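Here are the chains, one letter per residue:
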Amino acid sequence: MRRILLPILAVLPAFAMLVALGTWQVHRLRWKTDMLAAIAASEAGPPAPLGAAPLTFAKVEARGRFDHAREVRLGLEVRGNVLGTQLITPLLRDGAPPLLVDRGWVPMGGNQPIARPEGEVAVTGWVLPAEPGGWFAAEDDVRGRQFYSFDPAKIGATLGLPSVAPFGLVALGNAPAGALPDPARVLPRPPNNHLGYVITWYGLALALLAVFAVWMRRRLNTTASS
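Each chain carries its own residue numbering, running from 1 in the written order of its sequence. Local features in this predicted model are restricted to residues whose pLDDT is 70 or higher, and side-chain atom pairs enter the listing and the counts only when it is 80 or higher, whereas totals over whole chains, interfaces and linings include all residues. With hydrogens and water set aside, each side-chain value is computed from the structure's full complement of heavy atoms.

## Notes on the environment of Gln25
Item 1. For helices the rule is a DSSP run of H or I covering at least 4 residues; for strands it is a run of E covering at least 2, with both sets numbered from the N terminus onward. Mapped onto the secondary structure, Gln25 falls in helix α1 (residues 2-44).
Item 2. Taking the C-alpha atoms as reference points, Gln25 and His194, 169 residues apart in sequence, are found 5.8 Å from one another.
Item 3. Those residues in contact with Gln25 that lie beyond four places of it in its chain are His194, Tyr197, Val198 and Trp201. Working rule for contacts: check all heavy atoms of both residues, and any pair within 4.5 Å makes them a contact.

Laid out in structure tokens, this is it:
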């Protein structure tokens, strides 16, 4: 027993850790599945009025007036052989902070006309959370109004709008052929890889048990024969 007690004490914590990781991924799988189901239901249904603290990726509707003089560009995206960016325009709302709206993709440096509606508009879209840049994010060109990380507070301060909403809105729509900006068509779907992680961690736990069982059987046989 002394010869196998220490190996058992060494294997048990590793086995418990693998099982715990697999169980955690089971909970994550359920959470992500419910989230994707909620996104699908939200996309199929009508937009909800935009509140002060909406859920991320929720489909909502906001009303206000676009401040086209303060529009900025966010990120870079190649479509076909054309380099473009997302057009961000503040939406001024009565009784609520300005809201940064991603109106859609536009080409960089192009001469194509961009629609800029005047007066009150109703914008349907999904809620975009703030994503401040990290250590490896590209440096924003504040003077040129070209940003690479969606940081509402920073963008708002650059535009002279210090009290913008802490989230954004990605406009949804079907622009006519050739019309700009080109808005998003669907709500985003976060990847759901948790089932693979569940299989991996539980599989490693079973493999550890199998290897240890073979080792212990040989160990006991050797002890018995000696």
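## Description of the pairing of strand β8 (residues 167-171)
Item 1. For β8, a buried count of 5 out of 5 residues is recorded, marking the element as mostly surrounded by other parts of the structure.
Item 2. Residues Phe167, Leu169 and Ala171 point to one face of β8 and Gly168 and Val170 to the other, with burial holding for every one of them.
Item 3. Sheet topology note: the strand β5 (residues 96-107)/β8 ladder contains 3 bridges and is parallel. By the bridge assignment for β8, Val101 is matched with Leu169.
Item 4. Paired strands, in this sense, are two strands between which DSSP finds at least two bridges. With 5 bridges joining them, strand β6 (residues 120-129) and β8 adopt antiparallel strand pairing. From the neighbouring strand, Trp126 faces β8, where its bridge partner is Val170. Three labels apply to residues, based on accessible area from a 1.4 Å probe with only protein chains included: buried if under 20% of the type maximum, exposed if over 50%, partly exposed otherwise in between.

## Observations regarding the packing of aromatic side chains
Item 1. Classification of ring pairs rests on two measures: the distance between centres of Phe, Tyr or Trp rings, Trp counted by its six-membered ring, which must be within 6.5 Å, and the angle between planes, read as stacked under 30 degrees, edge-to-face over 60 and tilted in between. Inspection of the entire model under this criterion finds 2 aromatic pairs.
Item 2. Aromatic pair Phe212 and Trp215: ring centres 5.7 Å apart, planes at 25 degrees, arrangement stacked. With Phe212 and Trp215 both in helix α3 (residues 194-225), this residue pair falls 3 residues apart, about one helical turn.
Item 3. Look at Phe212 and you get buried, because its relative accessible area is 14%.
Item 4. Placement of a charge over a ring requires the Lys NZ or Arg CZ to be within 6 Å of the ring centre, with the centre-to-atom vector within 35 degrees of the ring normal. The ring centre of Phe66 lies 5.1 Å from the NZ or CZ of Arg103, which sits over that ring.

## Remarks on the confidence of the model for the protein chain
Item 1. Confidence scores here are pLDDT values: one per residue, from the predictor, ranging 0 to 100. Confidence in the prediction of the protein chain, expressed as mean pLDDT, is 91, and 97% of residues score 70 or more.
Item 2. β8 holds the highest mean pLDDT among the elements of the protein chain, 97, whereas α3 holds the lowest, 88.

## Some points on the side chain of Asp102
Item 1. Relative to the helices and strands, Asp102 is located in strand β5.
Item 2. For the buried Asp102, no salt bridge is present, and the opposite-charge side chain at shortest range is Arg79, 8.1 Å distant.
Item 3. Within the structure, Asp102 has its side chain in polar contact with the side chain of Gln86 (distance 3.1 Å).
Item 4. For this analysis, a polar contact is any N or O atom pair within 3.5 Å, provided that within protein one partner can donate a hydrogen and the other can accept it, and provided that sequence-adjacent residues contribute only side-chain to side-chain pairs. Among the polar contacts made by the side chain of Asp102, one reaches the main-chain amide nitrogen of Gly104 at a distance of 3.0 Å. Within this scheme the basic residues Lys and Arg register as positive and the acidic residues Asp and Glu register as negative, but His and the chain ends are omitted. Think of a salt bridge as a Lys or Arg side-chain nitrogen and an Asp or Glu carboxyl oxygen that are within 4 Å of each other.

## A look at the nonpolar core
Item 1. Membership of the largest hydrophobic core comes to 17 residues, with the highest contact counts inside it found for Val72, Trp126, Phe150 and Ile155.
Item 2. Broken down by secondary-structure element, the contributors of at least two residues to this core are β3 (72-79) and β6.
Item 3. Apart from residues lying up to four places away in sequence, Val72 is in contact with Gln86, Leu87, Ile88, Arg145, Phe147, Ile155 and Leu159.
Item 4. We call a set of buried residues a nonpolar core when its members are Ala, Val, Leu, Ile, Met, Phe, Trp, Tyr or Cys and they connect through side-chain atoms within 4.5 Å of each other. Counting 15 residues, the second largest nonpolar core, distinct from the first, contains Ala58, Phe66, Val123 and Ala165.

## Description of a nonpolar patch on the surface
Item 1. Each patch is built from residues lacking any salt bridge and having more than 30% relative accessible area; the joining distance is 9 Å for like charges and 5 Å for nonpolar side chains (Val, Leu, Ile, Met, Phe, Trp, Tyr). A 1.4 Å probe and the Shrake-Rupley method give the accessible areas. Residues count as covered only by the protein chains that appear here. A surface patch of nonpolar side chains, about 440 Å² in accessible area, is lined by Leu76, Val78, Leu83, Met108 and Tyr148.
Item 2. Inspection of the secondary structure assignment puts Tyr148 in the loop between β7 (146-147) and α2 (152-158).
Item 3. Exposure remark for Tyr148: the relative accessible area of 33% places this residue in the partly exposed category.

## A closer look at unusual backbone geometry
Item 1. A cis amide bond links Leu180 to the next residue, Pro181, at an omega of 0 degrees.
Item 2. Despite not being glycine, Phe57 has its phi angle at roughly 70 degrees, a positive value.
Item 3. Inspection of the secondary structure assignment puts Phe57 in the loop between β1 (48-49) and β2 (59-66).
Item 4. We classify Phe57 as buried; its relative accessible area is 18%.
Item 5. The phi dihedral of Arg145 falls on the positive side, at around 60 degrees, and the residue is not glycine.
Item 6. Along the chain, Arg145 falls in the loop between β6 and β7.

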